[in-house]
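# Architecture and fold: a report
Here are the chains, one letter per residue:
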Amino acid sequence: MGRTNLDERQLQKKHKAGNQAFILLAFLLLADMGLQNYGIHWLEYPLSNYVIFLVGVGSYLVRIIWNGSYVGPGSGNLTANGRSILGAVLAILVALCVITAAWMGSSGKTSGGTGPAILMIFTAVGLVILGTVFWIRCRNNREDA
């Protein structure tokens with residue numbers, strides 16, 4: 001089984017979701033470059049890449065949590081729910097760091113840019129999606145038992 005503590009079905013679902021998220025990310029980046037070649041700028045340069053990255057990684061995370069391939073049953077001290085909660089807390093801390101960095105970066109500028117606001121909105125939406133998927137998974141586990 002290896003270090004991941006995932007069974008073969010979970011590993012297959014996780015790899016499938018990862019491959020499809022990578023292909024989605026590649027095509028979105030190519031579409032963004034194509035639009036910029038024709039003079040269409042939907043967001044400024046670094047922010048457009050951040051948004052595309054968040055879409056790709058967010059779709060990957062939602063799919064592996066939805067398929068139950070995020071954490072395995074485990075043999076250590078933490079149960080699967082404990083590791084899921086630990087992962088959620090870590091995701092919230094990272095999101096708070098991103099929000100704080102965006103907030104501090106926007107306070108030093110004199111021109112009102114929409115970059116930090118869009119970054120905060122995408123982070124908040126990602127947290128809501130992850131929380132909803134976690135709630136659905138917990139609810140489904142209770143109904144199965």
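Residues numbered from 1 in each chain as written. Predicted model: local features only at pLDDT ≥ 70, side-chain atom pairs only at ≥ 80, totals over all residues. Heavy atoms only, no water.

Right, let's get into helix H1 (residues 8-37). Think of an α-helix as turning once every 3.6 residues; residues three or four places apart then point the same way. For H1, spanning 30 residues, the distance from its first C-alpha to its last is 43 Å, which sits close to the expected 44 Å at 1.5 Å a residue. Burial in H1 covers these residues: Gln10, Ala17, Ala21 and Asp32. Residues of H1 that are buried in the fold lie against helix H2 (45-66). One or two steps after H1, the chain reaches Gly39, where phi turns positive at roughly 90°. (Helix = DSSP H or I, 4+ residues; strand = E, 2+ residues; numbered from the N terminus. Expected span 1.5 Å × (residues − 1). Buried < 20%, exposed > 50% of the residue type's maximum accessible area, 1.4 Å probe, protein only. Contact = heavy atoms within 4.5 Å.)

Right, let's talk about the UniProt feature "transmembrane region" (unreviewed entry) in the chain for a bit. When the UniProt feature table is mapped onto this chain numbering, "transmembrane region" (unreviewed entry) sits at residues 21-41, 47-66, 86-105 and 117-136. Between the C-alpha atoms that bound residues 21-41 the distance is 24 Å, and the span itself is 81% helix and 0% strand. Taken as a whole, residues 117-136 contains 100% helix and 0% strand, while its terminal C-alpha atoms sit 29 Å from one another. (UniProt positions renumbered as here; feature names shortened; annotations may be inferred.)

Our next topic: the environment of Ser59. Turning to its location among the elements, Ser59 is positioned in helix H2. Given the relative accessible area of 23%, Ser59 is considered partly exposed. Along the chain, Ser59 and Leu24 lie 35 residues apart, while their C-alpha atoms are 9.1 Å from each other.

This part takes up the environment of Ile64. With respect to the element layout, Ile64 can be found in helix H2. Relative accessible area serves as the criterion here: at 2%, Ile64 is assigned to the buried category. For Ile64 and Lys14, which are 50 residues apart along the polypeptide, the C-alpha to C-alpha distance reads 5.7 Å. Those residues in contact with Ile64 that sit more than four places away from it in its chain are Lys14, Ala17, Ser69 and Tyr70.

A separate point is H2. Taking 1.5 Å per residue, 22 residues should reach 32 Å; H2 reaches 32 Å between its end C-alpha atoms and fits that length. Within H2, burial applies to Leu47, Ser48, Val51, Ile52, Gly56, Ile64 and Ile65. Where H2 ends, the next residue or the one after it, Gly68, has phi of about 75°, a positive value.

Bringing a nonpolar patch on the surface into the picture now. Taken together, the side chains of Leu24, Phe53, Leu54, Val55, Val57 and Phe122 make up a nonpolar region of the molecular surface, amounting to roughly 440 Å² of accessible area. Top element by residues in the nonpolar patch is H2. It accounts for four residues. Positionally, Phe53 belongs in helix H2. A relative accessible area of 47% means that Phe53 is categorised as partly exposed. (Patch = residues over 30% accessible without salt bridge, like charges linked within 9 Å, V, L, I, M, F, W, Y side chains within 5 Å. Areas by Shrake-Rupley, 256 points an atom, 1.4 Å probe, with all protein chains shown as cover. Salt bridge = Lys/Arg side-chain N within 4 Å of Asp/Glu carboxyl O.)

A few words on the packing of H1 against H2. The angle between the axes and the distance between the axes are what describe a pair of packed helices. Following both chains from N to C, one finds H1 and H2 inclined at 160°, their axes separated by 9 Å at the closest point. The orientation of H1 with respect to H2, classified from their angle, is roughly antiparallel. H2 is crossed by H1, and the crossing has right-handed handedness. Across the interface between the two elements, Lys14, Ala17, Gly18, Gln20, Ala21, Leu24, Leu25, Leu28, Leu29, Asp32 and Gln36 of H1 pack against Ser48, Asn49, Ile52, Phe53, Val55, Gly56, Ser59, Tyr60, Arg63 and Ile64 of H2. When grouped by side-chain class, the residues that make up the contact of H1 with H2 number eleven nonpolar, seven polar and three charged. (Axes fitted to C-alpha atoms, helices over the stretch in contact; angles between N-to-C directions. Parallel < 35°, antiparallel > 145°, perpendicular 65-115°, else oblique. Left-handed = near helix turned anticlockwise from the far one by under 90°. Nonpolar A, V, L, I, M, F, W, Y, C, P; charged D, E, K, R; others polar.)

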